Amino acid sequence: MEAPLIHLTLTLPSSLIGEFFPILQQGFLVTAHVGCTLQRLLCRQWGIAPDYVATRITTIFLDSKATDNVETAIVRDGATIALSGAMPGLVGATMRRGGHLAAMRGAMTHQETAADATDRIGTVRVKLFNLLLTELGPVFLKRGILMGCSDVISFFRERDETFWESCDGGNINGTPVGAGLLRTTQPLCVGGSVRLTVNFR
Amino acid sequence: MDRIARIDMGAAGGPKVTFEEVGEYAGLGGRALTSLVIATEVHPLCHPLGAENKLIFAPGMLSGTTGSMTGRLSVGCKSPLTGTIKESNAGGQAAQVLARIGYAAVILEGKPAGDDLYKIIINKDGITVEVDNSLQLMDNYPLVEKLRKEYGDKVAYITIGSAGERQLLAASIACTDPELRPTRHCGRGGVGAVMGAKRVKAIILDDAGMKMRPAKEPEKFRDANRKFVEGLRKHPVTGEGLPAYGTNVLTNVLNEAGGYPTRNFKGGVFEGSAKLSGEAQAELEVKRGGTATHGCHRGCVIQCSGIFNDKDGNYVTKQPEYETVWSHGGHCGIDDLDTVAKLDYMDDNFGLDTIEMGVTIGVAMDAGLAEFGDREAAIRLMEEVGKGTPLGRVLGCGAEITGKVFGVEKVPVVKGQALPAYDPRPIQGIGVTYATTTQGADHTAGYAIATNILKVGGDVDPLKTEGQVELSRNLQIATAAIDSTGMCLFIAFAIMDQPETFQALLDMLGAFYGITMTGDDVVALGKKVLSAERDFNKRAGFTKEHDRLPRFFYTDPIAPHNQTFSVPDEELDQLFNW
Ligand code: SF4
């Protein structure tokens with residue numbers, strides 16, 4: 001039988017957002033309505049302002065391909081979406097959405113295909129880079145991200161005193177749990193999945 | 001900057017200094033000056049380490065002024081690594097100080113007969129050249145410490161470490177930063193070996209008693225500089241991204257794009273990249289009491305650099321750049337920033353190009369000298385270079401020679417110089433630049449991305465793949481021009497996106513020299529420099545067949561995009577047709 005999904009909520013000071021950067025960069029899973037355009041996913045589902053998408057998220061990779069047009073690129077179940085702010089250098093300019101150096105990429109530009117894009121609930125992996133880590137990281141963490149239980153256990157084990165001293169504790173499946181107990185990782189069974197929500201104060 | 005100093009290191013009776021007016025080189029600076037002097041005065045078939053080669057130090061056109069970002073020093077010669085013309089530039093304080101003392105260029109000529117080692121002192125009273133054999137085989141950090149005891153802290157130092165003295169082909173020339181650390185290097189092309197061949201260990205630049213170079217139209221210059229700085233501060237790359245994360249912010253993006261060359265270009269994605277990223281690096285630096293924001297010279301408003309401390313808070317090195325983190329990191333299968341920082345320090349200390357050395361160690365790993373990912377082995381191999389053992393001398397001569405000595409088939413070099421941190425298979429346009437640049441594989445040769453504003457060659461349709469050659473040409477022209485101004489190339493984004501910032505740059509140049517400067521003038525300067533460089537290379541024996549990537553880029557597809565480099569040779573051959 002599949003292990004049940006654990007709902008884990010933490011409350012932390014906003015200064016600790018940096019502790020989550022490794023997870024946010026490597027990618028985390030979120031449930032989403034797939035089969036829609038990137039624009040729809042980013043703005044309608046995730047509530048990111050269209051203006052922010054247009055001006056701040058200057059580089060987007062959909063399944064490792066640089067994407068120029070968020071209004072036509074379709075997000076399919078299991079897709080990986082990497083979001084980045086402005087990047088230096090020639091390659092930074094080359095990867096930029098709709099930039100005048102897009103031709104430098106060759107064939108690694110995302111081209112939309114007619115492959116099946118059924119409209120349904122699925123999961124996508126999201127990666128956040130550079131300036132977007134601090135700007136969008138708290139938004140996604142507040143909405144909740146899906147992680148393997150063993151990844152959460154490793155994350156907790158790697159945290160130092162400062163983290164645990166500042167942690168207000170949290171709750172698991174609605175039951176309050178103190179920071180001390182969380183630190184032991186005992187309430188988390190290996191093998192299952194966790195929906196981690198972080199409230200920054 | 002109205003004089004050129006020539007120092008004939010091989011003159012009978014000892015080095016002889018002469019001075020001359022800038023003459024035909026008037027109004028030029030940086031790369032324009034170094035390349036035109038070489039193209040005009042150096043025999044293209046000379047041995048780069050012989051008496052006929054010249055080593056030219058030239059501050060940029062705006063160096064030594066109150067203008068921001070103007071601290072690049074160009075060093076030029078015939079390269080012992082590539083056999084081509086070479087311009088290698090660095091930040092640090094040297095360009096500003098040399099320009100204020102009044103020299104458009106200092107040119108080292110000839111070669112002394114004996115084994116004596118020299119230091120050159122340049123100040124307002126002139127230039128003296130002294131024998132100082134106590135400096136023999138010293139590395140950059142202890143060398144600068146020793147020189148500081150004699151010449152103090154109000155000077156700038158240009159030095160070579162043991163690698164330059166041994167004339168290793170990956171040897172760099174170090175310039176000190178504002179804290180007098182030898183961290184800013186003219187790295188590429190083995191320029192340090194040429195300085196070593198001329199037996200010059202150190203140049204001490206003292207601008208005491210000298211003032212900032214005055215602009216012809218001071219008000220206009222001040223106003224233009226203010227607008228230029230405003231433009232840099234408000235742009236997300238130059239005002240936020242680079243100050244926060246430095247150039248290493250590119251690691252995550254290159255990896256995501258599948259263009260992060262891993263384990264000697266065997267793959268385009270490195271599983272350990274998040275541990276090496278600029279974001280991780282900045283966090284670590286700040287946590288350990290270093291800084292993620294630091295300028296390599298006074299007057300830099302972007303401040304893309306930083307200070308990397310060890311876990312006990314002790315200084316290790318300046319913030320390693322993206323290319324360094326890649327070459328010593330993912331290229332060698334190493335995912336540890338502390339190891340990368342240590343190797344960066346060793347490069348700076350011995351006086352070596354970080355790109356060439358990282359790529360070389362990766363090639364050595366491919367040859368079986370160590371396992372990919374073996375941190376201790378990478379450090380051991382670098383120690384060999386520092387000690388000057390026979391193995392160390394092979395490694396210190398770069399990737400191509402190491403590949404030949406150890407029988408490695410796939411060695412990522414163009415014209416003998418190691419490819420930097422961007423795989424040309426998924427990012428084809430950068431492969432065009434690697435293949436065709438006058439300098440050997442070099443990512444900065446096509447970096448000045450403001451070509452849309454310069455309208456070099458008109459607009460290019462970004463959706464046409466054949467536009468890659470045209471884009472690369474435009475980039476190379478624009479870069480040659482920017483490299484001549486003394487401006488750090490990282491201004492490129494702000495001038496690309498903000499026409500008013502580009503205009504401010506033109507106005508700075510115009511107000512300083514009392515002329516009207518247009519985009520066309522910038523393009524003309526870039527073309528002039530590239531034409532001279534190309535002509536030198538042609539006379540040195542380079543043909544279109546040298547403008548190619550190594551064969552494996554055409555035959556071995558790379559994951560995840562499974563692409564090979566596919567820009568046809570005939571298109572590459574059109575690059576210099578303008
Ligand atoms: S932006 Fe970086 S490389 Fe350029 S001058 Fe400033 S610190 Fe030096």
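Residues numbered from 1 in each chain as written. Chains lettered and ligands numbered in written order. Predicted model: local features only at pLDDT ≥ 70, side-chain atom pairs only at ≥ 80, totals over all residues. Heavy atoms only, no water.

Participant: Outline the interface of chain A and chain B, supporting the account with residue identities and numerical values.
Facilitator: Residue-level contacts link 39 residues of chain A with 43 residues of chain B. Here chain A and chain B share an interface that buries about 3500 Å² over both sides, 68% of which is from carbon and sulfur atoms. Contact with chain B buries area across many residues of chain A, yet A:Pro88, A:His100 and A:Met104 alone supply 19% of it, more than any other trio. On inspection of chain A and its partner chain B, the count reaches 3 salt bridges. Between A:Arg56 and B:Glu240 there is a salt bridge, and its shortest N-O distance comes to 2.6 Å. Viewed at the interface, chain B and chain A are joined by 9 residue pairs in polar contact (both at pLDDT 80 or more). Of all elements in the fold, only α1 (21-26), β7 (80-84), α4 (89-95) and α5 (131-143) of chain A reach the threshold of two or more residues within the side of chain A that touches chain B. Ranked by residues supplied to the side of chain A that touches chain B, first place goes to α4(A) with 7 residues. (Contact = heavy atoms within 4.5 Å. Buried area = accessible area lost by both parts, 1.4 Å probe. Salt bridge = Lys/Arg side-chain N within 4 Å of Asp/Glu carboxyl O. Polar contact = N/O pair within 3.5 Å; in protein donor to acceptor, adjacent residues only side chain to side chain. Helix = DSSP H or I, 4+ residues; strand = E, 2+ residues; numbered from the N terminus.)

Participant: An account of the environment of A:Ser166 is requested, with residue identities and associated values reported.
Facilitator: Residue and element names in this part refer to chain A. Here Ser 166 is to be found in helix α7 (residues 161-166). Sequence spacing of Ser 166 and Leu 12 is 154 residues, and the spatial spacing of their C-alpha atoms is 6.6 Å. Not counting the four nearest positions on each side in its chain, Ser 166 is found in contact with Pro 13, Leu 16 and Arg 201. At a separation of 2.6 Å, a polar atom in the side chain of Ser 166 contacts the main-chain carbonyl oxygen of Thr 162.

Participant: Explain a nonpolar patch on the surface to me, and be specific about the residues and the numbers.
Facilitator: A surface patch of nonpolar side chains, amounting to about 280 Å² of accessible area, comprises B:Leu369, B:Ile401, B:Val405 and B:Phe406. Turning to its location among the elements, B:Leu369 is positioned in the loop between α13 (354-366) and α14 (375-387). (Patch = residues over 30% accessible without salt bridge, like charges linked within 9 Å, V, L, I, M, F, W, Y side chains within 5 Å. Areas by Shrake-Rupley, 256 points an atom, 1.4 Å probe, with all protein chains shown as cover.)

Participant: Go over the site of the ligand with me, naming the residues and quoting the values.
Facilitator: If you check the shell around the ligand, you find B:Met69, B:Arg72, B:His294, B:Gly295, B:Cys296, B:His297, B:Cys300, B:Ile302, B:Gln303, B:Cys304, B:Cys488 and B:Phe490 and nothing else. Here the shell around the ligand is built from residues that sort into 7 nonpolar, 4 polar and 1 charged. (Near = heavy atom within 4 Å. Nonpolar A, V, L, I, M, F, W, Y, C, P; charged D, E, K, R; others polar.)

Participant: Can you explain unusual backbone geometry? Please cite residues and give values.
Facilitator: Residues and elements named next belong to chain B. Following Ala 559, the chain continues into Pro 560 via a peptide bond in cis, with omega recorded as 5 degrees. Positive phi values are uncommon outside glycine, yet Arg 263 reaches one of about 50 degrees. Within the secondary structure, Arg 263 sits in the loop between α8 (250-256) and α9 (273-276). The partly exposed category is assigned to Arg 263, whose relative accessible area is 26%. Backbone geometry at Lys 415 places phi at a positive 50 degrees, although glycine is not the residue there. (Buried < 20%, exposed > 50% of the residue type's maximum accessible area, 1.4 Å probe, protein only.)

Participant: Give me the lowdown on the sheet that holds strand β12 (residues 200-205) of chain B, citing residues and values where you can.
Facilitator: All names here are of chain B. Strands sit in the order β8-β7-β12-β9-β10-β11 across an open sheet of 6 strands; the sheet is mixed. The open sheet has two edge strands, β8 (126-131) and β11 (184-186), and neither has a second partner. Within the sheet, the average angular offset between the axes of one strand and its neighbour, ignoring direction, is 20 degrees. Judged from the 4 bridges that link them, strand β9 (residues 156-159) and β12 form a sheet pairing that is antiparallel. (Pairing = 2+ DSSP bridges. Axes fitted to C-alpha atoms, helices over the stretch in contact; angles between N-to-C directions.)

Participant: Explain the confidence of the model for chain A to me, using residue names and the numbers behind them.
Facilitator: Confidence in the prediction of chain A, expressed as mean pLDDT, is 89, and 97% of residues score 70 or more. Confidence scores differ between elements of chain A, with α4(A) showing the lowest mean pLDDT of 80 and β7(A) the highest of 97. (pLDDT = per-residue confidence, 0-100.)

Participant: An account of the pairing of strand β6 (residues 103-109) of chain B is requested, with residue identities and associated values reported.
Facilitator: Residues and elements named next belong to chain B. Along β6, 7 of the 7 residues are buried, which leaves the element largely enclosed by surrounding structure. As paired elements, strand β1 (residues 3-8) and β6 share 6 bridges and run parallel to each other. Its bridge partner lying in β6, Ala 5 is registered against Val 106. Pairing analysis gives 3 bridges linking strand β3 (residues 55-59) to β6, with the strands arranged antiparallel. When the sheet's bridge partners are listed, Ile 56 is paired in β6 with Ile 107.

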